[in-house]
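Fold and contact review
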Amino acid sequence: MTVMSAPRCTLVGAGPGDPELLTLKAVKAIANATLLLVDDLVNDAVLAHASPQARIIHVGKRGGCQSTPQAFINKMMIHAVQEGEQVVRLKGGDPFIFGRGGEEVEHLRAAGIEVEVVNGITAGLAGLSSLGAPLTHRQHAHGVVMVTGHAQPGDIGTDWVQLATTARQAKLTLVIYMGVSSLAHISHGLLQGLPAHTPVAVVQHASLPTQREALTTLGELAQTVQREQLQSPSIIVVGDVVQGARAWAALPKRSQKAA
Ligand code: SAH
């Protein structure tokens, strides 16, 4: 029997793709939802936790269709909550790392709606972990910058030269989301502040059976991605921590499995 609770919206992070990376809290929220609004990068396998009575609406760009405009999604969420539905907004990775979670929360709160956020494992973390390397390391990286490679229309975008200079001086790992389509521009800027031999990992479809990756250097990044035909969704990790992924890749397969 379902216990009735106050109508509200829950923003749930579905993780990078592998359905086993869902949190227990996410599973519970998905199971309790009467309406699920699902983003593109969410693996359909997580919907197995939804109630058979729940309505599921995909709001991404699946099947080459246009994605649902953000303003419409906001209205749909507010309306459904006001109608008494238990709404779950399912997002890839973590709801508060890109993916407009912050904007959605602002709209819901402005409409007087209670919002809960359930964290998910962000793709930037899952990407390098899947190659056996950390994002921070006492010797190699004192911190992490998560940055988008996609500039908003009318926005000048990230100053890659400045970012690379800071990353070098402060020993920071750069984790670039949505970067593959602007790689020539990004690597051109980064090369003005970081050495060409800086290790880089590119991971497409992190944590999924379709995962592909390349280990390269900043100087060869653009050519490598083109040659290997790595595409979106991919994570690009720049920094000395990527050496850990090289060491892991060099291990004989048997010891990787035993680890
Ligand atoms: N909220 C998400 C990010 C949304 S932005 C998160 O926390 O992961 C979308 C970008 O995330 C993609 O362009 C890509 O850069 C990255 N991404 C999402 N899922 C990914 C995956 N499984 N493998 C590699 N990159 C992924």
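Scroll up a little and you will see the structure.
Presented here is an overview of the structure given in this document.

The next point concerns the overall build of the protein chain. When its secondary structure is counted, the protein chain shows nine helices and ten strands. Rg of the C-alpha trace for the protein chain: 20 Å, near the compact-globule value of 18 Å for 259 residues, within the 12% margin. Over its C-alpha atoms, taken along the principal directions, the protein chain stretches across nearly 60 × 50 × 35 Å. Considering the protein chain as a whole, with its 259 residues, one finds that 42% of them fall into the buried category. Residue pairs at least 24 apart in sequence account for 68% of intrachain contacts in the protein chain once pairs closer than 6 positions are excluded. About 13,900 Å² of surface is accessible on the protein chain, with carbon and sulfur atoms providing 55% of the total. Here the protein chain contributes 20 positive and 19 negative side-chain charges, whose respective centroids are spaced 6 Å apart.

What follows deals with the sheet that holds strand β9 (residues 212-217). In spatial order, the strands read β6-β7-β10-β8-β9; together these five strands make up an open sheet with mixed pairing. Looking at strand neighbours, the two that pair on one side only are β6 (143-148) and β9, the edges of this open sheet. Between one strand axis and the next, the sheet turns through 15° on average, direction left out of account. With six bridges joining them, β6 and strand β7 (residues 172-177) adopt parallel strand pairing. The residue bridging Val 145 from the neighbouring strand is Leu 174, located in β7. Packed on one face of the sheet, helix α5 (residues 160-170) meets β6 and β7 and runs near 145° to β7.

Any two side chains of opposite charge can pair if their charged atoms end up close together. Across all of its chains, the model carries eight salt bridges by this definition. Its salt-bridge partner being Arg 8, residue Glu 114 comes within 3.8 Å of it at the nearest N-O pair. Within this pair, whereas Glu 114 is found in the loop between α3 (101-110) and β5 (115-118), its partner Arg 8 is found in the segment before β1 (9-13), the two being separated by 106 residues in sequence. Between Arg 55 and Glu 85 there is a salt bridge, with its nearest N and O atoms 2.8 Å apart. Here Arg 55 is found in strand β3 (residues 55-58), whereas its partner Glu 85 is found in the loop between α2 (70-82) and β4 (87-91), with 30 residues between them in sequence. Its relative accessible area of 45% is what places Arg 55 among the partly exposed residues.

On to the site of the ligand. Taken together, 18 residues lie near the ligand, and Ile 97, Thr 122, Met 178, Ala 206 and Ser 234 sit nearest. Interatomic distance of 2.6 Å between a side-chain N/O atom of Thr 122 and an oxygen atom of the ligand. For the ligand, whose accessible area on its own is 550 Å², the fraction buried by protein is 93%. For the shell around the ligand, the residue count by class is eleven nonpolar, six polar and one charged. Each of domain 1 (8-118) and domain 2 (123-256) contributes no fewer than three residues to the shell around the ligand.

We now examine the packing of α5 against helix α6 (residues 183-190). The N-to-C vectors of α5 and α6 enclose an angle of 50°; their axes lie 7 Å apart at closest approach. The angle between α5 and α6 places the two elements in the oblique class. When you trace α5 past α6, the crossing you get is right-handed. Contacts from Trp 160, Val 161 and Ala 164 of α5 reach α6 at His 185, Ile 186, Gly 189 and Leu 190. A breakdown of the residues in the contact of α5 with α6 according to their chemical character gives five nonpolar, two polar and no charged.

A few words now on the side chain of Gln 70. Tracing the backbone through its elements, the reader meets Gln 70 in helix α2. A polar atom in the side chain of Gln 70 sits 2.8 Å from the side chain of Glu 104. Discounting residues that sit within four places of it in the chain, Gln 70 has contacts with Arg 100, Glu 103 and Glu 104.

What follows concerns the side chain of Thr 10. Residue placement: Thr 10 occurs in strand β1. Residue Thr 10 is classed as buried on the basis of its relative accessible area, which comes to 7%. Those residues in contact with Thr 10 that sit more than four places away from it in its chain are Ala 29, Val 87, Val 88, Arg 89, Glu 116 and Val 118.

What follows concerns the nonpolar core. Residues Ile 176, Leu 190, Leu 221, Ile 236 and Val 238 are the most contacted members of the largest nonpolar core, which totals 21 residues. Taken together, the elements giving at least two residues each to this core come down to α5, β7, α6, β8 (199-204), α7 (221-228) and β10 (234-238). The element that contributes the greatest number of residues to this core is α5, accounting for four residues. By size, the runner-up hydrophobic cluster in this structure holds 17 residues, among which are Ala 26, Val 42, Leu 47 and Val 88.

Thresholds, definitions, all that
Residues numbered from 1 in each chain as written. Predicted model: local features only at pLDDT ≥ 70, side-chain atom pairs only at ≥ 80, totals over all residues. Heavy atoms only, no water. Helix = DSSP H or I, 4+ residues; strand = E, 2+ residues; numbered from the N terminus. Rg over C-alpha atoms; globule rule 2.2 N^0.38 Å. Buried < 20%, exposed > 50% of the residue type's maximum accessible area, 1.4 Å probe, protein only. Contact = heavy atoms within 4.5 Å. Areas by Shrake-Rupley, 256 points an atom, 1.4 Å probe, with all protein chains shown as cover. Lys, Arg positive; Asp, Glu negative; His and termini not counted. Charge placed at Lys NZ, Arg CZ, Asp CG, Glu CD. Pairing = 2+ DSSP bridges. Axes fitted to C-alpha atoms, helices over the stretch in contact; angles between N-to-C directions. Salt bridge = Lys/Arg side-chain N within 4 Å of Asp/Glu carboxyl O. Near = heavy atom within 4 Å. Polar contact = N/O pair within 3.5 Å; in protein donor to acceptor, adjacent residues only side chain to side chain. Nonpolar A, V, L, I, M, F, W, Y, C, P; charged D, E, K, R; others polar. Domains from an automatic or database assignment. Parallel < 35°, antiparallel > 145°, perpendicular 65-115°, else oblique. Left-handed = near helix turned anticlockwise from the far one by under 90°. Core = buried A, V, L, I, M, F, W, Y, C linked by side-chain atoms within 4.5 Å.

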